[in-house]
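Next come the chains, spelled out residue by residue.
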Amino acid sequence: MIGRTELVGREDVINRIYDRINGQDSVSIVGYDGMGKSSLLRYIISNFKKDNLLMVEITDSEPSTALDFYKSLFDCVEIEIEENDRIDINLKYELKEEFSGCKDHESIAELKKTLNSVFYKLRSRGIDTIFVIDDFDRMTKCINEGNREDAVENFKFLRNLANNNKRRVQYIVATKKSIEAISEECRVSGLPGIFNNPIKLELLEVTDVKKYILKRLSQYQYRINSHEDKLIFRVGGRVPGILKEAMDILIDNKNPEKNKGTVKEVNSDNEAEFIQEVEKRCDYIFRSYWKCMTYEEKRLLKHLCCNEDISDIEESLQQSARYSCQDMGLLNEDDTFVSEAFMNYVKRAEVKRDENGDTESEEDKEVGQRMKEAMDALKTSNDILKDSFQELWN
């Protein structure tokens, strides 16, 4: 279970999420890896208690097909209803019959029909349903695997649940991409309207980092020296995920049971070993940063830490890359790295101009892009008309 110690500096965010939920709104939490999105969701799931509420954690946010998506929803909702002690026992039996009555678990139509019936009964009995989905942007995996129609089907179902007063479902989702970007990628109109005013997770304030360090140490009655204190700031920066790993390593060093009866203190002579361990544990965070960055952003970071020449990149693109890196929480305003551990990762990382080896001419790319945009616009228009007619008929 996630405690308040893990969420120091996020008290205002938690209160805003609670206010949105109580106001019958859906919530999107936006932030890059390491900013604490998953920890926030786990805290909300464990601590938000309210009568007549069914909070369903969707455990598979990366379905390969629409059928996988509906199966995941079906299983998660059924399990949560069985385990929820705030739902009337008679209603539970009714809902159990609905799930048992699903004739074919390999049929999207049957799964969808059962889910709609369950949500209708919950809503009619005054039960609010909330889906909690981590890594919401990963639901576009279908698109990357060539199954765009499946991704469209998944997001449309979620959108329609939110907009249907007879079966209304709220959402708390965490995502790296904006909802607008997801909507554009899968071409599902109306999705951003469900999530008004996204909550963006920023870097922790310095005072919050100090509070976190003190609270973690007080749990074990440990003390740190001044060098360790400064090292935590240098390595962890103000990124919750990196900071947590750095503190876990430091606390392990001070635990005699894990060090053959001795307490290991970190100083200037052995800090390299400590930093390397932080880098190792945070590698998944750093790889995620690097994967979503543009060529110009990578070149800028290499320039700042390795003094590589970037005179071939236009000044305007350099400035845009700088703003983007600051927005991601990677750089401070003075162009220093927020985390020394990530800076070391950048030093070793390789920058490639074209990851896919594409030799298409710039002119061909421009023509192709214009054609793609025209086709996308046409399909989006057709989808909107189709949805409008369906809503009228329903």
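Look up: the structure comes first, before these words.
As a starting point, this report considers the structure included with it. (Residues numbered from 1 in each chain as written. Predicted model: local features only at pLDDT ≥ 70, side-chain atom pairs only at ≥ 80, totals over all residues. Heavy atoms only, no water.)

A few points about empty space enclosed by the protein
Then, in step 1: Here the structure, examined in full by the defined rule, presents two cavities of 30 Å³ or more.
Then, in step 2: Estimated volume of the second largest cavity: approximately 30 Å³.
Then, in step 3: Residue lining of the second largest cavity: Val239, Ile242, Tyr289, Gly329, Leu330, Val338, Ser339 and Phe342, and that is the complete set.
Then, in step 4: Of the residues assigned to the lining of the second largest cavity, the class counts are six nonpolar, two polar and no charged. (1 Å grid on protein atoms, 1.4 Å probe; cavity = no way out; pocket = protein on both sides within 12 Å on 5 of 7 lines; lining within 4 Å. Points joined across faces, edges and corners; volume = space filled by probe spheres on them. Nonpolar A, V, L, I, M, F, W, Y, C, P; charged D, E, K, R; others polar.)

Quick word on the pairing of strand β1 (residues 27-30)
Then, in step 1: A two-sided burial pattern is seen for β1, the buried positions comprising Val27 and Ile29 on one face and Ser28 and Val30 on the other.
Then, in step 2: Where β1 lies against strand β4 (residues 169-175), four bridges are found, and the strand directions are parallel. Counterpart to valine 30 in the pairing with β4 is threonine 175. (Buried < 20%, exposed > 50% of the residue type's maximum accessible area, 1.4 Å probe, protein only. Helix = DSSP H or I, 4+ residues; strand = E, 2+ residues; numbered from the N terminus. Pairing = 2+ DSSP bridges.)

Looking at the packing of helix α9 (residues 206-218) against helix α11 (residues 240-253)
Then, in step 1: Interhelical geometry of α9 versus α11 gives an angle of 35° and a closest axis separation of 11 Å. Between α9 and α11 the crossing geometry is right-handed. Across the interface between the two elements, Val209, Tyr212, Ile213, Arg216 and Leu217 of α9 pack against Leu243, Lys244, Met247, Asp248 and Ile251 of α11.
Then, in step 2: Here the contact of α9 with α11 is composed, by residue class, of seven nonpolar, no polar and three charged. (Axes fitted to C-alpha atoms, helices over the stretch in contact; angles between N-to-C directions. Left-handed = near helix turned anticlockwise from the far one by under 90°. Contact = heavy atoms within 4.5 Å.)

Thoughts on helix α10 (residues 226-236)
Then, in step 1: Buried residues of α10: Glu228, Leu231, Ile232, Val235 and Gly236, and no others. Here the buried residues of α10 occupy an arc of 105° about the axis, which is enough to place them on one side. Exposed side chains of α10 directed beyond 90 degrees from the buried face belong to Ser226 and Lys230.
Then, in step 2: Against α9, α11, α12 (271-281) and α16 (340-348) lie the buried residues of α10.
Then, in step 3: Its side-chain oxygen 3.0 Å from the backbone nitrogen of histidine 227, asparagine 225 forms the N-cap of α10.
Then, in step 4: Two residues or fewer after α10 comes glycine 237, characterised by a positive phi angle close to 60°. (Arc of directions from axis to C-beta. Polar contact = N/O pair within 3.5 Å; in protein donor to acceptor, adjacent residues only side chain to side chain.)

What to know about the layout of surface pockets
Then, in step 1: Roughly 1000 Å³ of volume is contained in the largest pocket.
Then, in step 2: Taken together, 38 residues form the lining of the largest pocket, with Asp33, Asp135, Arg138, Lys176 and Ser288 sitting closest to its centre.
Then, in step 3: Among the elements of the structure, α2 (37-47), α6 (141-144), α11 and α13 (283-291) are those that each provide at least two residues to the lining of the largest pocket.
Then, in step 4: Of the residues in the lining of the largest pocket, the class split is 12 nonpolar, eight polar and 18 charged.

Some details on the packing of aromatic side chains
Then, in step 1: Across all of its chains, the model carries 18 aromatic pairs by this definition.
Then, in step 2: Between phenylalanine 69 and tyrosine 70, the aromatic rings sit 5.1 Å apart at their centres with planes inclined by 75°, giving edge-to-face as the arrangement.
Then, in step 3: Aromatic pair phenylalanine 131 and tyrosine 171: ring centres 5.8 Å apart, planes at 65°, arrangement edge-to-face. Residue phenylalanine 131 is found in strand β3 (residues 128-133), and its partner tyrosine 171 is found in strand β4; the two are separated by 40 residues along the sequence.
Then, in step 4: Looking at phenylalanine 131, the relative accessible area reads 0%, which means it is buried.
Then, in step 5: The rings of Phe119, Phe131, Phe136, Phe155, Tyr171 and Phe195 are connected pair by pair, giving a single aromatic cluster. (Phe/Tyr/Trp six-rings, centres within 6.5 Å; stacked < 30°, edge-to-face > 60°.)

Notes on the sheet that holds β4
Then, in step 1: Spatially, the five strands line up as an open sheet ordered β2-β3-β4-β1-β5, and their pairing is parallel. With partners counted over all chains shown, the strands left at the sheet margins are β2 (53-58) and β5 (199-200), one partner each.
Then, in step 2: Where β1 and β5 come together, two bridges link them in parallel fashion. Following the sheet pairing, valine 30 is matched in β5 by lysine 200.
Then, in step 3: Lying over the sheet, helix α7 (residues 148-163) contacts β3 and β4, oriented at roughly 135° with respect to β4.

This is a description of form; function is not addressed.
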